[in-house]
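Fold and geometry: a report
So you can see what is in the structure, the chains are spelled out below.
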Amino acid sequence: MPNYAYRGRDAGGNEVSGQQEGASPAGVADWLAGRGITPLSIDPATAAVKAAAGGSVQIQWFKPKVLHMDVMLFTRQIHSLLKAGVPIMRALAGLQESSSNPAMKEVLQQIRESLDSGRELSVSMARHPKVFTPFYLSMVRVGEMTGRLEEIFIRLFEHMEFERFMRGQVKSALRYPSFVVTAMGIALVVVNIFVIPAFAQVFKGFGAQLPLMTRILLGFSGFMVAWWPVMLGGAAAAAFAFTSYTATVAGRYWWDKTKLGFPIAGKIVRKATLARFAGSFALAMKSGVPIIQALTNVALTVDNAYIAKKVEGMREGVERGESILRTAANAAVFTPIVLQMIAVGEESGALDDMMQQVSELYQNEVEYELKTLAEQIEPILIVMLGIMVLILALGIFLPTWDLGRAALKK
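Residues numbered from 1 in each chain as written. Predicted model: local features only at pLDDT ≥ 70, side-chain atom pairs only at ≥ 80, totals over all residues. Heavy atoms only, no water.

1. Re the overall build of the chain
Our working rule: Strands here mean DSSP runs of E at least two residues long; helices mean DSSP runs of H or I at least four residues long; both are numbered from the N terminus. Per-residue accessibility, obtained with a 1.4 Å probe over protein chains only, is compared with the maximum for each type, and a residue is labelled buried under 20%, exposed over 50%, and partly exposed between these values. By definition in these notes, contact holds between two residues if any of their heavy atoms fall within 4.5 Å. Residue-level accessible areas treat just the shown protein chains as cover; the underlying method is Shrake-Rupley with a 1.4 Å probe.
A tally of regular secondary structure across the chain gives 17 helices and 3 strands. Out of the 410 residues belonging to the chain, those deemed buried represent 40%. Long-range contacts, defined as pairs at least 24 residues apart, comprise 62% of the intrachain contacts of the chain with a sequence gap of at least 6. Total accessible area computed for the chain in this model is approximately 22,500 Å², and 62% of it derives from carbon and sulfur atoms.

2. Comments concerning the packing of aromatic side chains
Rules: Only centres within 6.5 Å qualify two rings of Phe, Tyr or Trp (six-membered ring in Trp) as a pair; their planes then separate them into stacked at under 30 degrees, edge-to-face at over 60, and tilted for everything else. Criterion for a charge above a ring: Arg CZ or Lys NZ at most 6 Å from the ring centre, at most 35 degrees from the ring normal.
Inspection of every chain in the model, using the stated rule, returns 11 aromatic pairs. Note on Phe242 and Trp255: the rings are 5.1 Å apart at their centroids and 90° apart in plane angle, and the pair reads as edge-to-face. One end of the pair, Phe242, is in helix α9 (residues 212-246); the other, Trp255, is in helix α10 (residues 249-259), with 13 residues separating them in the sequence. Counting every residue linked through ring pairs, the aromatic cluster contains Phe242, Tyr245, Trp254, Trp255 and Phe262. Looking at Arg76, its charged tip hangs above the ring of Phe157, at a distance of 5.7 Å from the centre.

3. Structural notes on the nonpolar core
Spelled out, the test is: Put simply, a nonpolar core is a bunch of buried Ala, Val, Leu, Ile, Met, Phe, Trp, Tyr and Cys residues held in one set by side-chain atoms that sit within 4.5 Å of each other.
Formed by 81 residues in total, the largest nonpolar core has its most connected members in Phe74, Met125, Phe132, Tyr136, Phe153, Phe277 and Phe334. Of all the elements, helix α11 (residues 265-286) adds the most residues to this core, at 12 residues. When neighbours within four sequence positions are excluded, Phe277 is seen to be in contact with Leu295, Val298, Val302, Val311, Met314, Phe334 and Met355. Tyr4, Tyr6, Ala29 and Ile37 belong to the second largest nonpolar core, which has 7 residues in total.

4. Observations regarding the pairing of strand β3 (residues 38-44)
Quick note on the threshold: In this analysis, strands are considered paired if DSSP registers two or more bridges between them.
Burial within β3 is extensive, with 5 of its 7 residues counted as buried. Note: strand β1 (residues 3-9) against β3, 6 bridges, orientation antiparallel. Bridging across to β3, Tyr6 finds its partner in Ile42.

5. Some details on helix α13 (residues 305-319)
The line we're drawing: Helix span, as expected, comes to 1.5 Å for every residue beyond the first.
Here α13 contains 15 residues, and its C-alpha end-to-end distance of 21 Å stays within 8% of the 21 Å for a straight helix at 1.5 Å per residue. As for α13, its buried residues are in contact with β1, α10, α11, α12 (291-298) and α14 (324-331). Note on α13: the residue one or two positions beyond its end, Gly321, has a positive phi of about 100°.

6. Digging into a nonpolar patch on the surface
Convention followed: Residues forming no salt bridge and having over 30% relative accessible area are the ones grouped into patches, like charges within 9 Å of each other and nonpolar side chains (Val, Leu, Ile, Met, Phe, Trp, Tyr) within 5 Å. Any Lys or Arg side-chain nitrogen found within 4 Å of a carboxyl oxygen on Asp or Glu counts as a salt bridge.
Taken together, the side chains of Ile186, Val190, Phe194 and Val195 define a hydrophobic patch exposed on the protein surface, amounting to about 370 Å² of accessible area. Within the secondary structure, Val190 sits in helix α8 (residues 149-204).

7. Overview of the packing of α12 against α13
We apply this condition: For helices, the fitted axis covers only the stretch in contact; all axes are lines through C-alpha atoms, and the angles between them, taken along N-to-C directions, range from 0 to 180 degrees. Geometric relationships in this document are graded by angle, where less than 35 degrees denotes roughly parallel, more than 145 denotes roughly antiparallel, 65 to 115 denotes roughly perpendicular, and other angles denote oblique. For any helix crossing, the convention is left-handed if the near helix is rotated counterclockwise from the far helix by under a right angle, and right-handed if that rotation is clockwise. Each residue receives one of three labels: charged for Asp, Glu, Lys and Arg, nonpolar for Ala, Val, Leu, Ile, Met, Phe, Trp, Tyr, Cys and Pro, and polar for the others, Gly being one of them.
The geometry of α12 relative to α13 is characterised by a closest axis approach of 9 Å and an angle of 165° between their N-to-C directions. Viewed along their axes, α12 and α13 adopt a mutual orientation that is roughly antiparallel. The interaxial crossing formed by α12 with α13 has left-handed handedness. Judged by residue contacts, Ile291, Ile292, Leu295 and Thr296 of α12 engage Val311, Met314, Arg315, Val318 and Glu319 from α13. Class assignment of the residues belonging to the contact of α12 with α13 gives a composition of 6 nonpolar, 1 polar and 2 charged.

8. As for the pattern of salt bridges
As enumerated under the stated definition, the model contains 8 salt bridges in all. Across the pair Arg155 and Glu151 runs a salt bridge, and its minimum N-O distance is 2.6 Å. Taken together, the positions of Arg155 and Glu151, both in helix α8 and 4 residues apart, correspond to about one turn of that helix. We note a salt bridge from Asp256 to Lys259, for which the minimum N-O separation is 3.2 Å. One end of the pair is Asp256 and the other is Lys259, both in helix α10 and 3 residues apart, which spans about a single turn. Through salt bridges with shared partners, a single ionic network connects Lys267, Lys271, Glu365 and Glu369.

9. A short note on the confidence of the model for the chain
Cut-off, in case you're wondering: pLDDT is a per-residue confidence score from the predictor, ranging from 0 to 100.
Residues with a pLDDT of 70 or more make up 89% of the chain, whose mean pLDDT is 81. At the low end of the mean pLDDT range in the chain sits helix α2 (residues 47-52), at 42; at the high end sits α10, at 91. Contacts for the low-pLDDT stretch residues 47-60, under 50 throughout, to residues beyond four places or in other chains number 4 contacts. Predicted confidence is poor over residues 406-410, with pLDDT under 50, and the contacts of this stretch with residues over four places away or in other chains come to 0 contacts.

10. A word on the sheet that holds strand β2 (residues 15-21)
The 3 strands are arranged β2-β1-β3 in an open sheet whose pairing can be described as antiparallel. In the strand order of this sheet, the two ends are held by β2 and β3, each with one partner. The average undirected angle you get between the axes of adjacent strands in this sheet is 20°.

11. Quick word on the environment of Val338
Mapped onto the secondary structure, Val338 falls in helix α15 (residues 336-348). Expressed as a C-alpha distance, the spacing of Val338 and Ala328, which sit 10 residues apart in the sequence, is 9.3 Å. The contacts of Val338, once residues within four sequence positions are left out, are Val358 and Tyr362.

12. Details of unusual backbone geometry
One can expect most non-glycine residues to show negative phi and most peptide bonds to be in trans. A positive phi angle is found at Ala332, which is not glycine, with a value near 60°. Relative to the assigned elements, Ala332 resides in the loop between α14 and α15.

Have a look at this one:
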């Protein structure tokens, strides 16, 4: 049997990894579930060895994938069917027939086969760690234990819809400044490679000392014209190195922490991330998940390694007997208003409601920041454009003006 490399989290939230023989990734997932480990990824461990040895590895480039929208629709539809009293096996069969994504059809077929063999729904879903997140699996497991599976599914759908909305809002917020900065960079390259060299031929006929700014522009333009292949290769190498580094654990932690400090965009990303954290935590607590397990699962949903590390620190503090308020204050990522709401939630025993209000508070702040984003960015962009135009005007037109004044004096 082939070997599979796996990563997962045990009951205490600690990450574990290793290799295990199995007939398929689903078999390895069952083996992990039997040991109380929630799988995060299961990949063939022999593919890289075969490639290194010159063996043939068949790669399917355009294999369909299960998208976030597919899981959302499945969650909403399975809730409606279960609420209507449809048995789980018949519901899954109907959803499999109506699904338009072949990959989702295959996943539902394997879940049905797993249920037929006597496994629980959460265990059957755990055989597909790339489709269902650990948070999703944990919530389904809670629904099975409490008998409130249909309620869990509608809450999961609302949570996934909220996450989709927040991600879309953040992406739309970063799209405009990214486009403007990219356009300015392209304009700067075009001016230095095509425009300034044309003026350089005119300046050579002046026979006079050029202004300092003009000499700087001509020197930089000449460097770009002569060395543009090296600069292009260096930029590509830097982008590759950056992507490779941020794909590592340490690199992703550094990048996630760094982007929170960006002007304007950083605070939007921070508030959106904390809104996802608070919403996930409120959902877990309302569903009856213990606080320690809730914090462990929520750390996997925030999509920010730096914030996730802070949440894991909160879990460790709760394990030592500290209060949620104290651990949240030590995390140093929450505002005083949020800390006050957490304190009220702990004292009143309604922490889930308070965390839901925190989520709504952050969501409203993100929406406000997005609406005023253009007003915040416009002054910065105007200043940047003004500086660029001033440099070009002084460097290119100042010698022309000097030449005109000299001609008038003659």
